Amino acid sequence: MRHRKILAVAVAAFALVLWPASGAAQERQLVQRCSAVAARDSASPDAVRFCNMVAQAIEIAQPVVGLAATGGNPVPGTASTLGMRLGALPPVSLAARATGVFADLPPILDFGDRGEIGVFVPSLAVDGAIGILSGLTLAPTVGGVGSLDGLLSVGVLPLPGGEDGFRDSPWTVGAGLRLGILRESFTVPGISITGMYRRVGGFTFGDRDLTMDDSFFDMSMGIWSLRAAVGKRITFLGLTLGAAYDHYSSDVEYALRDPAGMAPGPIRISVDDFENDRFALFGNVSWTLLILSLVAEIGWQSGADAVPAPLPANIDFDAEGSRFFGSLALRLSI
């Protein structure tokens, strides 16, 4: 009875992960605000186009920073839940993880610039897991059905400043559950589904005072994440493959100077609950010695949506390009 109650709570938690609907065409909301505020402030047509480009940068940056925070596999190097309890103590896994994402943003810091801004977004995190339920055993080597782990992650995103435009290094914290479909054994791979919620603290791209840069944006975010993974280890080497879905929600503030100087002051806009979602694929290769695993991960995230509005002239920018990410982790299982 206790097993069924806890499993029901887990299923409800995974349903909550899937609850947020995709923010369909929310990038349209950003450019609509650009046109409305520019008209209110009697701004120039160049200011509207520049504002649209800032909106495009927000559309790209939100999931890029979010991806650096979440990474691919929430328990590096494995798709299995933790397994049987050892006496009175539950099994525990603890990993130190470094993740990095490369991306290109449109040139929003200087209106006269026409080149892309290449950014590298890193994160450092500690990912923990603890066994809650061992699950059912259907055959001597087929078990872990309905097993459950609790997950917790804390970290920081040391965003690069200077010419890259970032001004902060936000914290990140997340919690969730991993539901076991099968636990890895000699005959079957490990299969699991993971749901997590994560918060990323506020960060700014560009100069908020608009003295050094022509625009900036500022946001924090909440992330609902869903992961499905399958993995198998042979002797010391393991391979894990997975698919990911992330739903991002942010309160966004952005501002810019009118390049033509027609507006009396900076054009300032704020949007609550700007939503985005992305799909991703990832793979882990792990080397395990007793209770210690060294894990390398590489993954791919789908591209952004192009804002439905004109950008400044002579801007050649691929808004819809996908991106790759990678991570290294050291995981201890006891």
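Every chain's residues receive numbers from 1 upward, in the order its sequence appears when written. Under the rules for a predicted model, residues below a pLDDT of 70 receive no local features and side-chain atom pairs below 80 are neither given nor counted, while totals for whole chains, interfaces and linings still include all residues. As a rule here, side-chain values cover all heavy atoms of the structure and leave hydrogens and water aside.

The next point concerns the confidence of the model for the protein chain. Low pLDDT means the predicted atomic positions in that stretch should not be read closely. As a per-residue measure, pLDDT tells how confident the predictor is, with possible values from 0 to 100. For the protein chain, the average pLDDT comes to 88, and 90% of its residues sit at 70 or higher. Taken together, the stretch residues 6–13 has pLDDT below 50 and engages in nine contacts with residues farther than four places along the chain or on a different chain. Overall, residues 15–24 carries pLDDT values under 50, and its contacts beyond four positions in sequence, including any with other chains, amount to 16 contacts. Any pair of residues with heavy atoms lying within 4.5 Å of one another is described as a contacting pair.

Before going further, it helps to spend a moment on empty space enclosed by the protein. For cavity detection a 1 Å grid was placed over the protein atoms alone, and a set of points counts as a cavity when a 1.4 Å probe fits there but cannot get out; an open set counts as a pocket when protein lies on both sides within 12 Å along at least five of seven lines, with lining residues being those that have an atom within 4 Å of a point. Grid points are joined across faces, edges and corners, and a volume is the space filled by probe spheres set on the points. Applying the stated criterion to the full structure yields two cavities of 30 Å³ or more. Space inside the largest cavity adds up to approximately 60 Å³. Lining the largest cavity are T70, N73, P74, R97, D127, G128, L151, L152, S153, M196 and R198. Here a strand is any run of E in DSSP of at least two residues, a helix any run of H or I of at least four, and the numbering for each starts at the N terminus. Among the elements of the structure, β2 (117–133), β3 (148–156) and β5 (190–206) are those that each provide at least two residues to the lining of the largest cavity.

So, on to the state of the cysteines. Two cysteine sulfur atoms make up a disulfide if the distance between them is within 2.5 Å. This model, assessed by the stated rule, comprises one disulfide. Here C34 engages in a disulfide with C51; their sulfurs sit 2.0 Å apart. Note on the C34 and C51 pair: the S-S dihedral is about -75°, so by sign convention the disulfide is left-handed. Linking C34 in helix α2 (residues 26–40) with C51 in helix α3 (residues 45–70), this pair joins segments that are 17 residues apart in sequence. Residue C34 shares its accessibility class with C51, and that shared class is buried. In this scheme, a residue with accessible area under 20% of its type's maximum is buried, one over 50% is exposed, and one in between is partly exposed, where area comes from a 1.4 Å probe on protein chains only.

This part is about the layout of surface pockets. Taken as a whole, the largest pocket holds about 820 Å³ of empty space. Taken together, 30 residues make up the lining of the largest pocket; nearest its centre are T78, S80, L82, E184 and R233. Amino acids outside the nonpolar list (Ala, Val, Leu, Ile, Met, Phe, Trp, Tyr, Cys, Pro) and the charged list (Asp, Glu, Lys, Arg) are all regarded as polar, and Gly is one of them. A per-class count over the lining of the largest pocket returns 11 nonpolar, 14 polar and five charged.

Below, the discussion takes up unusual backbone geometry. For D273, which is not glycine, the phi torsion reads 55° and is therefore positive. Considering the arrangement of structural elements, one finds D273 in strand β8 (residues 267–289). Positive phi values are uncommon outside glycine, yet L290 reaches one of about 60°. Among the structural elements, L290 can be located in the loop between β8 and β9 (292–301). With relative accessibility at 79%, the residue L290 sits in the exposed group.

Attention now moves to the side chain of S93. Along the chain, the position of S93 falls in strand β1 (residues 92–105). Taking relative accessible area as the criterion, S93 reaches 2% and is therefore assigned buried.

Quick look at the nonpolar core now. In this structure, I58, I108, V121, F205, F217 and Y254 are the most contacted members of the largest nonpolar core, which totals 61 residues. Elements with a minimum of two residues in this core: α2, α3, β1, β2, β5, β6 (215–234), β7 (237–256) and β8. With 15 residues, the top contributor of residues to this core is α3. Note on terminology: a nonpolar core comprises buried Ala, Val, Leu, Ile, Met, Phe, Trp, Tyr and Cys residues joined through side-chain atoms within 4.5 Å.

This part is about the sheet that holds strand β10 (residues 323–333). Sheet strands associate in pairs through backbone hydrogen bonding, adopting either a parallel or an antiparallel arrangement. A pair of strands is labelled paired if DSSP reports no fewer than 2 bridges between them. Within the closed barrel, the 10 strands sit side by side as β1-β2-β3-β4-β5-β6-β7-β8-β9-β10. Their pairing is antiparallel. Along the sheet, successive strands turn relative to each other by an average axial angle of 20°, direction set aside. Two strands pair when backbone bridges link them, and β1 and β2 are joined in this way by 14 bridges, in the antiparallel orientation. Among the inter-strand pairings, A103 is bridged to a residue of β2, identified as V119. Contacting β1, β2, β4 (171–182), β5, β6, β7, β8, β9 and β10, α3 runs over the sheet at an angle of about 35° to β6. Axis geometry follows a simple rule: fit a line to the C-alpha atoms, using only the stretch in contact for helices, then measure angles between N-to-C directions, giving values from 0 to 180 degrees.

Two aromatic rings from Phe, Tyr or Trp, using only the six-membered ring of Trp, form a pair when their centres are within 6.5 Å; if the ring planes differ by under 30 degrees the pair is stacked, by over 60 it is edge-to-face, and anything between is tilted. Throughout the structure, instances matching the rule amount to seven aromatic pairs. Judged by centre distance (6.3 Å) and plane angle (55°), the ring pair of F166 and F203 falls under tilted. Of this pair, F166 sits in the loop between β3 and β4 while F203 sits in strand β5, and the two are 37 residues apart along the sequence. Take F166: its relative accessible area is 3%, and that puts it in the buried class. When the centroid spacing of 4.8 Å and the interplanar angle of 50° are considered together, the rings of Y197 and W224 count as tilted. Separated by 27 residues along the polypeptide, Y197 in strand β5 and W224 in strand β6 bring together distant segments of the chain. For W224, a relative accessible area of 26% puts it in the partly exposed group. Put simply, the rings of F166, F203, F205 and F217 pair up and form one aromatic cluster.

A helix's residues, less one, multiplied by 1.5 Å, set its expected span. For α3, built from 26 residues, the straight-helix expectation of 38 Å at 1.5 Å per residue is met to within 8% by its first-to-last C-alpha distance of 39 Å. Of the residues flanking the end of α3, it is G71, one or two places downstream, whose phi is positive at about 65°.

In this section: the environment of A263. In this fold, A263 is placed in the loop between β7 and β8. Since its relative accessible area comes to 11%, A263 is described here as buried. Those residues within four positions of A263 in sequence are excluded, and the remaining contacts are D41, S42, A43 and D258.

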